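So the chains spell out like this:
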Amino acid sequence: MSDHWHEECGIFGVFGHSEAANLTYLGMYALQHRGQESAGIACSDGKVVTFHKEMGLVADVFSEEILSRLAGSSAIGHVRYSTMGVSELKDAQPLVVDFEEGSISIVNNGSIVNAYELKRELEAAGSVFQSSMDTEIIIHLIARSRKEQIEDRIVEALKQARGAYSILFLTRDKLIAVRDPHGIRPMALGRLKGSVGGTVICSETCALDLIEAEFLREVEPGEMVVVSSQGVETYKPFMPAADRFCIFEHIYFARPDSVIGGRSIYQARKELGRQLAREHPVDADIVIPIPDSGVPAALGYSEQSGIPFEMGLIRNHYVGRTFIEPQQSIRHFGVKVKLNATRDVLSGKRVVVVDDSIVRGTTGRKIIKMIRAVGAKEIHVRISSPPTCYPCFYGIDTPSRRDLIAATHTLKEINTYLTSDTLGYLSVEGLHACVPQDRSYCDACFTENYAIPLGVERTGEQLNLFRKSINICSPGDRSARRGRGE
């Protein structure tokens, strides 16, 4: 049903705690919103690395019995939504291998943009790959390195890779975290409270909250953090690069209760709604969100405009990822099974509908029609981000440009397609004014200002996607797509 870009992945690691696997399980639970296709944990007892991974949600993959077999005081975990490779068990993480220096496990949140080029070079040199994910390339580069220390091998490997990555490595006696020089994907450093202690590194602070760990700071762009029995050491082994944190984390990806850049995501999203109300005011009776992601921005819009906030759409939280549709077709069944319009809230009202983004517009169109069907007098759609016109190549699953409605249609055409009365997007300038000002951002999905050159070193599928992304479909294509109801 979702008309959002899909989350990328979530990573979690802990060192120096007797219940490392259990804590990692809980941390992954908190990061489940970042990936729902597979889950896995690798754990070290100082001698061997054991692991377990399966397709599915964290709660379905792990049981008490499985966790009891993951012995050790250090662990890393991963929840995945595939952006590279395929959605199969062979591409689930952690990836665990043995080489001359012993066992090493890796989990990654991001995407290597020169993966195709690197894989061809490695295969020509004799490397054999067992998965289709770009993360495996990093393991091969580490194994090929002649450096003595594992930290130096990792640095040498990553210096050959271009892209966005927040990576955790687990060896028998070390937890190593590395964030790409642009800092595109998030990574937080924390410490477990109490006498037992322990170090935690994860994608978002909400995972620290669940296990009652103290947030220390963000891992800096281009930083390597090495955690061992000797303590925590940090290095800056890469050439400095311009800060380009993914601005969409503030709009949609991160959980609202996380803190990034010293500011809660929830408060940032409320400010996006306030700014949206300043830029696109309208006379209306109520403001409603498209739940759940549109709630903070709708609250901000309501506060700024003075228009009352209501929950005009109620979400069913107990629906799985798939469901069986009755043979007697129900109009817009896929949306209705997850959302229901509240007639007594919406009937006869002039309604402002707030959401965080529009990708293809197909789901939004069904929701607007559902609101209209229960008697809404007017429907004014407000989006708390600029139009998404370009695909992401840095670890987010996005369509090609020709499938992004804002890239192929004017504002008037989108409004007509949605069947709304008016439509307003937040401006790029307004977006940047609402996020923490102590860093620069990657906003390529709005501006085409890509943080890292894409080049041509991409898999055939991705290269084809990139080629398509620079071709806006013709008016004839638009008519054909409308005729198919897309």
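Treat the numbers as computed from the prediction; the structure is a model and nothing was measured.

Conventions we followed
Residues numbered from 1 in each chain as written. Predicted model: local features only at pLDDT ≥ 70, side-chain atom pairs only at ≥ 80, totals over all residues. Heavy atoms only, no water. Helix = DSSP H or I, 4+ residues; strand = E, 2+ residues; numbered from the N terminus. Contact = heavy atoms within 4.5 Å. Areas by Shrake-Rupley, 256 points an atom, 1.4 Å probe, with all protein chains shown as cover. Buried < 20%, exposed > 50% of the residue type's maximum accessible area, 1.4 Å probe, protein only. Phe/Tyr/Trp six-rings, centres within 6.5 Å; stacked < 30°, edge-to-face > 60°. Pairing = 2+ DSSP bridges. Axes fitted to C-alpha atoms, helices over the stretch in contact; angles between N-to-C directions. Expected span 1.5 Å × (residues − 1). Arc of directions from axis to C-beta. Core = buried A, V, L, I, M, F, W, Y, C linked by side-chain atoms within 4.5 Å. Parallel < 35°, antiparallel > 145°, perpendicular 65-115°, else oblique. Left-handed = near helix turned anticlockwise from the far one by under 90°. Nonpolar A, V, L, I, M, F, W, Y, C, P; charged D, E, K, R; others polar.

1. Topic: the overall build of the protein chain
Assigned secondary structure in the protein chain consists of 19 helices and 23 strands. The contacts in the protein chain between residues at least 6 apart in sequence include a share of 70% that link residues at least 24 apart. When the accessible area of the protein chain is evaluated, it comes to approximately 20100 Å², of which 49% is carbon and sulfur surface.

2. Structural notes on unusual backbone geometry
The peptide bond linking Q93 to P94 adopts the cis configuration, its omega dihedral lying at 10 degrees. In the segment running from P291 into D292, the intervening peptide bond is cis, with an omega of 0 degrees. Tracing the backbone shows D292 in the loop between β17 (286–289) and α10 (295–305). Even without glycine at this site, E212 takes up a positive phi of about 60 degrees. Within the secondary structure, E212 is located in the loop between α7 (205–210) and β11 (213–218). For T419, which is not glycine, the phi dihedral falls at a positive 70 degrees. Residue position: T419 is located in the loop between α15 (411–418) and β22 (422–425).

3. Some details on the side chain of T24
Tracing the backbone through its elements, the reader meets T24 in helix α1 (residues 20–30). In this structure T24 comes out as buried when scored by relative accessible area, which is 0%. Excluding its chain neighbours within four sequence positions, the residues that come into contact with T24 are F12, V14, I41, A75, I76 and G77.

4. Considerations on the packing of aromatic side chains
All told, the structure shown has eight aromatic pairs when counted by the stated rule. Each ring, one from F393 and one from Y450, has its centre 5.9 Å from the other, and the planes form 50 degrees; the classification is tilted. Of this pair, F393 sits in the loop between β21 (378–383) and α14 (405–408) while Y450 sits in the loop between α17 (444–447) and α18 (460–469), and the two are 57 residues apart along the sequence. Like Y450, F393 is buried.

5. Here we look at the sheet that holds strand β3 (residues 49–55)
Taken in spatial order, the seven strands line up as β3-β2-β4-β1-β10-β9-β11 in an open sheet, and their pairing is antiparallel. On the outer flanks of this sheet lie β3 and β11, each paired with one strand and no other. With direction set aside, neighbouring strand axes in the sheet form an average angle of 15 degrees. Note that strand β1 (residues 9–15) and strand β4 (residues 74–80) share seven bridges and pair antiparallel. If you follow I11 over to β4, its bridge partner there is H78. Across the face of the sheet, α1 comes into contact with β1, β2 (38–44), β4 and β9 (188–192) while running at roughly 25 degrees to β4.

6. A look at the environment of R255
Secondary-structure assignment places R255 in the loop between α8 (248–253) and β15 (259–260). Along the primary structure R255 and A30 are separated by 225 residues, whereas in three dimensions their C-alpha atoms are 8.9 Å apart. Apart from the residues lying within four places of it in its own chain, the contact partners of R255 are A30, H33, E204, C206, I265 and R269.

7. A few points about helix α13 (residues 362–373)
Between its first and last C-alpha, α13 extends 17 Å over 12 residues, near the 16 Å set by a 1.5 Å rise per residue. Those residues of α13 that fall on the buried side of the exposure criterion are T363, G364, I367, I368, M370 and I371. The arc that holds the buried residues of α13, viewed along the axis, is 160 degrees, so those residues lie on one side. Downstream of α13 by one or two residues, G375 has phi in the positive range, about 105 degrees.

8. Re the pairing of strand β10 (residues 199–202)
Every second residue of β10 is oriented toward a common face, with T199 and I201 on one face and V200 and C202 on the other, all of them buried. Summarising the sheet, β1 and β10 pair through four bridges and their orientation is antiparallel. Paired with G13 across the strands is I201, a residue of β10. The sheet contact formed by β9 and β10 spans four bridges and is antiparallel. Within β10, the position partnered with G190 by the bridge is V200.

9. Side note on the sheet that holds β21
Taken in spatial order, the four strands line up as β17-β20-β21-β22 in an open sheet, and their pairing is parallel. The open sheet has two free edges, formed respectively by β17 and β22, since each of these has just one partner strand. Between one strand and the next, the sheet's axes are offset by a mean angle of 20 degrees, whatever the strand orientation. α10 rests against β17, β20 (350–355) and β21 of the sheet, and its axis sits at about 165 degrees to β17. Relative to β21, α13 is tilted by about 150 degrees, and along the sheet it contacts β17, β20 and β21.

10. As for the nonpolar core
Residues Y301, L346, I371 and Y394 are the most contacted members of the largest nonpolar core, which totals 75 residues. Residues in contact with Y394, not counting those within four places in the same chain, are G110, S111, V113, A164, I184, R185, C442, Y450, A451, I452 and L454.

11. Concerning the packing of helix α4 (residues 115–124) against helix α5 (residues 135–144)
Relative to each other, α4 and α5 sit at 45 degrees, their axes nearing to 10 Å. Compared by their axis directions, α4 and α5 come out oblique. Crossing hand, α4 versus α5: left-handed. For the pair formed by α4 and α5, the contact residues are A115, L118, K119 and L122 on the first element and I137, H140, L141 and R144 on the second. By residue class, the composition of the contact of α4 with α5 is five nonpolar, one polar and two charged.

12. As for the pairing of β21
Along β21, five of the six residues are buried, which leaves the element largely enclosed by surrounding structure. Here β20 pairs with β21 via six bridges, running parallel. Within the sheet, the bridge partner assigned to V352 lies in β21 and is H380. When β21 meets β22, the two strands line up parallel, connected through four bridges. Within β22, the position partnered with H380 by the bridge is T422.

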